[in-house]
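# Per-entry structural report
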Amino acid sequence: MSISSADACISHSSNNLALSNKINGMRGSRCNAAGTPRTRLERLLRERELRKFNKSLNDGANELSNSDPYSPDSETSSCFTDEESLETISVNNRSSSDRCERQDFRPSRQRLLVVANRLPVSAVRRADDSWQLEISVGGLVSALLGVKEFETRWIGWAGVNVPDEIGQKTLRKALAEKRCIPVFLDEETVHQYYNGYCNNILWPLFHYLGLPQEDRLATTRSFQSQFDAYKRVNQMFADVVNEHYVEGDVVWCHDYHLMFLPKCLKDYNQNMKVGWFLHTPFPSSEIHRTLPSRTVLLKSVLAADLVGFHTYDYARHFVSACTRIAGLEGTPEGIEDHGKLTRVAAFPIGIDSDRFIRALELPQVQEHMKELKERFAGRKVMLGVDRLDMIKGLPQKVLAFEKFLEENPHWRDKVVLLQIAVPTRTDVTEYQKLTSQVHEIVGRINGRFGTLTDVPIHHLDRSLDFCSLCALYAVTDVALVTSLRDGMNLVSYEFVACQSSKKGVLILSEFAGAAQSLGAGALLVNPWNVTEVASSIGDALNMPADEREKRHHHNFMHVTTHTSQEWAATFVSELNDTIVEAQLRTRQIPPPLPIEIAVDRYSQSNNRLLILGFNATLTEPVDTLGRKGCQIKEMEPKLHQDLREPLKKLCDDPKTTILVLSGSDRSVLDDNFGDFSLWLAAENGMFLRATKGDWMTTMPENLNMEWGDSVQHVFEYFTERTPRSHFELRETSLIWNYKYADVEFGRLQARDLLQHLWTGPISNASLDVVQGSRSVEVRSVGVTKGAAIDRILGEIVHKKGMKEPIDYVLCVGHFLAKDEDIYTFFEPELPSEVQTPVRSHVTSPLGASVSKLSTSVSREDRSSVVERNSSYHVSGDVLKSRVEEGFSVLDLPGDNYFSCSVARKRSNARYLLKSSNDVVQLLAELSNTRIDNMITGESAKEG
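Read on for an overview of the structure. Owing to the predicted nature of the structure, the values given are computational and were not obtained by experimental measurement. (Residues numbered from 1 in each chain as written. Predicted model: local features only at pLDDT ≥ 70, side-chain atom pairs only at ≥ 80, totals over all residues. Heavy atoms only, no water.)

### Some thoughts on the packing of helix H27 (residues 708-721) against helix H28 (residues 743-759)
Going by this rule: Throughout, an axis means a line fitted to C-alpha atoms (over the contacting stretch in the case of helices), and angles, computed between N-to-C directions, take values from 0 to 180 degrees. A run of H or I in DSSP counts as a helix once it spans at least four residues, and a run of E counts as a strand once it spans at least two, with each numbered from the N terminus. Oblique is the label for any angle not under 35 degrees, not over 145, and not in the 65 to 115 range, which are roughly parallel, roughly antiparallel and roughly perpendicular in turn. Rotating anticlockwise by less than a right angle from the far helix to the near helix defines a left-handed crossing, while the corresponding clockwise rotation defines a right-handed one. In this description, contact between two residues means that some pair of their heavy atoms is separated by no more than 4.5 Å. In this classification, the charged set is Asp, Glu, Lys and Arg, the nonpolar set is Ala, Val, Leu, Ile, Met, Phe, Trp, Tyr, Cys and Pro, and all remaining amino acids, among them Gly, are polar.
Running from N to C, H27 and H28 point in directions that differ by 155 degrees, and their axes come no closer than 11 Å. The pairing of H27 with H28 is recorded here as roughly antiparallel in orientation. Crossing of H27 over H28 shows right-handed handedness. Of H28, the residues touching H27 (which contributes Val 711, Val 714, Phe 715, Phe 718 and Arg 721) are Phe 745, Gln 749, Asp 752, Leu 753, His 756 and Leu 757. The class makeup of the residues in the contact of H27 with H28 is seven nonpolar, two polar and two charged.

Structure follows, in structure tokens:
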């Protein structure tokens with residue numbers, strides 16, 4: 001039904017007229033520019049109101065239809081429905097102004113590509129060119145049933161091997177009618193990927209069952225082939241997605257089968273909107289670290305824009321694994337890796353509650369309910385609906401029921417347990433053993449407490465149809481969910497949705513994800529504690545009616561509010577919003593250094609100054625987790641081996657001056673650069689020397705270091721109580737580093753250390769406390785690289801006897817935020833007050849308008865740069881004094897200034913380099929440019 005016709009029908013009733021007025025009001029508010037949402041919360045609240053409005057409109061249209069869209073015989077999932085029945089207003093990421101421009105107020109629906117291991121239909125081959133499709137059952141299918149706000153396409157495996165081209169072609173055509181797209185897998189691949197890596201490695205690990213223990217050598221040999229098959233299948237899924245992807249689509253990847261998929265998709269198109277959701281628990285980092293491919297999978301998932309879990313616990317475990325195992329930075333928003341933020345959040349899944357509520361009114365369900373009430377008249381009905389799986393706790397459940405019957409003889413003829421155990425993986429030995437074990441326990445209990453006419457446990461090894469299941473939910477007095485580990489468990493949701501009249505009690509395992517959502521209204525139990533579960537059964541059966549009603553009301557409100565539709569809409573809305581925020585954040589992050597332009601400007605300049613940091617800039621990258629002795633390597637940093645040759649060539653260039661500016665001690669710089677002809681500035685510029693000269697101090701006279709001993713005592717104390725931490729004692733600062741300590745413990749210790757410092761040694765001292773990502777440094781106020789560079793520059797110009805102004809500056813380093821004032825020191829900015837009519841503007845190759853900076857240092861001030869507490873400050877376009885009359889130290893066009901941060905996401909620098917390996921590439925190209933210029937010059941002379 002079109003929106004215009006729906007509006008016409010709705011206007012016939014007074015109630016719907018009020019709704020129509022509300023809609024008009026909403027239109028006006030959305031078209032109001034002042035109402036444009038500015039924050040994440042405002043945007044998400046607006047999307048939520050729009051979804052409510054859409055639901056009201058669709059409900060009004062559905063009331064006019066004679067057919068019952070929630071009938072079990074009707075195909076309610078968006079992938080099974082005709083295009084016309086999906087005509088509905090949806091929430092997308094278009095601007096409000098775009099919506100207002102459409103006269104009929106019908107924004108197009110956003111396409112949603114749902115990518116899961118299995119399609120929501122199973123294919124059965126009838127002939128070479130004929131297929132029968134049957135709706136599959138499962139948590140994801142149930143959760144997305146009824147989601148119509150998006151134009152949905154499903155991509156996945158059809159569950160059947162189709163080796164011939166004719167079969168593949170006809171199956172594609174048959175599935176296309178159901179809006180499904182198949183991925184074809186052969187039997188060997190399925191065995192290695194699905195039965196092997198997914199179900200034999202990942203699934204047990206994520207459910208805390210651990211990796212396979214028996215036949216370890218065979219497992220080790222086959223692991224790599226299974227993982228290779230896993231990656232290969234994920235790439236096959238990515239290829240199918242890429243084939244059907246249209247710009248603006250949202251790609252929603254599901255579950256542990258496709259952990260490698262986000263990376264594959266982003267490798268294809270970095271701008272693709274990718275979300276990943278896990279339907280199982282995510283284990284603690286200590287469990288996950290046992291997986292051989294742990295880091296690869298974590299980083300592959302982090303390629304997604306949004307990562308979702310059922311509960312906060314799972315999300316917390318994932319963030320912890322990323323920080324502890326992969327060495328990445330955890331933030332309140334998620335995980336940050338080289339400037340890219342992957343949002344990590346909890347999205348509790350729901351069900352299509354209306355489908356179950358309306359099903360209770362169907363005649364066939366009513367008939368089933370009547371039969372069940374007659375069959376179990378005079379007895380309380382307890383219900384369990386589970387897959388026959390190790391994690392579902394079926395043995396524990398029946399043992400607890402046996403314990404209850406032992407301790408409560410008066411209940412033996414008044415209660416019955418109906419256990420539906422759906423068989424799964426019947427070809428696996430462990431599952432066969434579990435089935436035998438459950439049957440043995442049930443048989444023993446029935447033989448012990450049963451009679452000739454009845455037994456206490458009715459156990460079925462099969463699934464029930466939808467109508468029978470709803471009727472069973474409706475007549476149940478107590479539902480018993482004893483999962484040992486469960487991602488969510490939607491059976492508990494379905495039970496609550498069908499209990500509007502009975503107000504039954506839910507006994508729920510605390511290890512099921514649903515315990516986070518329904519815990520307030522349920523009786524939470526530890527399924528391993530058989531005595532506790534037995535006691536809870538008694539509490540549930542004897543619970544007063546008013547308490548049952550209160551508990552049910554709480555859970556019912558949650559189930560009917562947090563529906564599958566709301567779950568899917570919220571996830572996609574958050575994903576769209578995450579993309580917007582990522583774009584805004586990317587604009588704040590400097591772009592990568594244009595190496596070709598930097599090299600070209602270098603070759604055209606006459607007097608160059610290269611300012612280089614040391615740690616994480618000229619050193620080899622180390623493992624932040626401290627493996628392979630990396631902590632020792634960082635405590636004794638060494639120059640990157642690949643830098644020796646290019647650095648030597650650059651030092652030999654008379655037109656190039658190199659300054660290594662570091663926070664390290666003087667001895668560290670001496671050990672690494674003694675063989676080079678360059679300048680060294682240690683301890684953030686407080687000490688300076690040419691490698692052929694002696695160390696001199698640029699330290700101000702009034703620099704007070706009396707606080708050093710007391711701060712050192714604090715650092716020693718926290719180093720002793722924080723394993724794998726260390727501190728460095730320097731002449732002008734002290735640093736405590738906990739980079740290799742346990743992440744969370746290190747942060748707690750750092751917080752405690754700061755409290756000790758502020759309330760003790762530095763409470764009245766003129767000091768700066770500089771916090772790095774995993775370090776705490778104490779230094780005197782004003783000790784920064786930017787504050788020292790003007791004094792250093794004057795001394796270098798004097799010692800070298802420069803006759804030409806410096807016309808090219810490259811400043812590269814992994815500096816703390818406190819020291820990034822060095823980047824802004826050389827920025828060619830116009831003065832705010834000084835009139836400079838002679839200053840000329842130039843345009844950079846990147847299109848930015850910049851100014852030419854003329855800076856000079858006086859001979860008088862230069863001679864006293866070390867002895868006096870003096871500092872040259874930029875004022876306008878010149879330094880206040882001059883080296884020689886008419887000579888400028890800096891004549892720096894904006895195009896010739898390249899400030900570059902290494903491996904730091906947000907920076908005052910103009911550009912970024914990812915790691916010291918990129919610094920190697922940059923300096924190598926600069927050194928090769930010098931050689932090329934020399935060859936060109938020699939050729940010109942010969943000519």
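### Topic: the packing of aromatic side chains
Heads up, the rule is: In this analysis, rings of Phe, Tyr and Trp, with Trp reduced to its six-membered ring, are considered paired at centre separations within 6.5 Å, and the interplanar angle assigns stacked below 30 degrees, edge-to-face beyond 60, and tilted for intermediate values. The buried label goes to any residue with under 20% of its type's maximum accessible area, the exposed label to any with over 50%, and the partly exposed label to all in between, with areas taken from a 1.4 Å probe on protein chains only. Any Lys NZ or Arg CZ found within 6 Å of a ring centre and within 35 degrees of that ring's normal is scored as a charge over the ring.
Under the counting rule described, the total for this entry stands at 31 aromatic pairs. Where Phe 206 meets Tyr 256, the ring centres are 6.5 Å apart and the plane angle is 70 degrees; that geometry is what we call edge-to-face. Here Tyr 256 lies in the loop between strand S6 (250-254) and helix H9 (261-268) and Phe 206 lies in helix H7 (residues 187-206), a separation of 50 residues in the sequence. Assigned by exposure class, Phe 206 and Tyr 256 land together as buried. Taking 5.2 Å as the distance between ring centres and 85 degrees as the angle between the ring planes, the aromatic pair formed by Tyr 717 and Phe 718 counts as edge-to-face. By relative accessible area, Tyr 717 is classed as partly exposed at 42%. Classification of Phe 718 by relative accessible area gives buried; the value is 0%. Clustering of aromatic rings is evident, with ring pairs tying together Phe 206, Tyr 256, Trp 276, Phe 282, Phe 309 and Phe 318. Between the NZ or CZ atom of Arg 485 and the centre of the ring of Tyr 208, over which it lies, the distance is 3.9 Å. Note that Arg 608 overlies the ring of Tyr 602, its terminal NZ or CZ placed 4.0 Å from the centroid.

### Remarks on the sheet that holds strand S17 (residues 523-525)
To keep things clear, this is the line we draw: Whether two strands pair comes down to DSSP finding at least two bridges between them.
Strand order in the open sheet formed by six strands is S14-S13-S12-S15-S16-S17, and the pairing between neighbours is parallel. Lying at the two open borders of the sheet, with one neighbouring strand each, are strand S14 (457-460) and S17. Between one strand and the next, the sheet's axes are offset by a mean angle of 20 degrees, whatever the strand orientation. Relative to the sheet, helix H20 (residues 530-541) contacts strand S12 (380-387), strand S13 (415-422), strand S15 (478-481), strand S16 (505-509) and S17, its axis offset from that of S17 by approximately 170 degrees.

### Topic: the pairing of strand S25 (residues 767-771)
Each regular strand displays side chains that alternate between the two surfaces of the sheet. Most of S25 is tucked away: four of the five residues are buried. Of the strand pairs in this sheet, S25 and strand S26 (residues 775-780) are connected by five bridges, and their pairing is antiparallel. In the sheet register, Val 770 faces S26, and the bridge partner there is Glu 777. Where S25 hands over to S26, the hairpin turn is made up of three residues, counted between the paired strands.

### Digging into the nonpolar core
For clarity, the threshold we go by: Residues belong to one nonpolar core when they are buried, are Ala, Val, Leu, Ile, Met, Phe, Trp, Tyr or Cys, and are joined through side-chain atoms within 4.5 Å.
Of all hydrophobic cores here, the largest spans 70 residues; its most connected members are Leu 171, Tyr 473, Leu 506 and Leu 508. Here this core takes nine residues from helix H17 (residues 466-475), the largest share from any one element. Excluding anything up to four places from it in sequence, Leu 171 contacts Ala 123, Trp 131, Leu 133, Ala 158, Val 160, Val 162 and Phe 184. Core analysis: the next-biggest nonpolar cluster, separate from the first, contains 68 residues, Leu 643, Val 783, Ile 822 and Val 920 among them.

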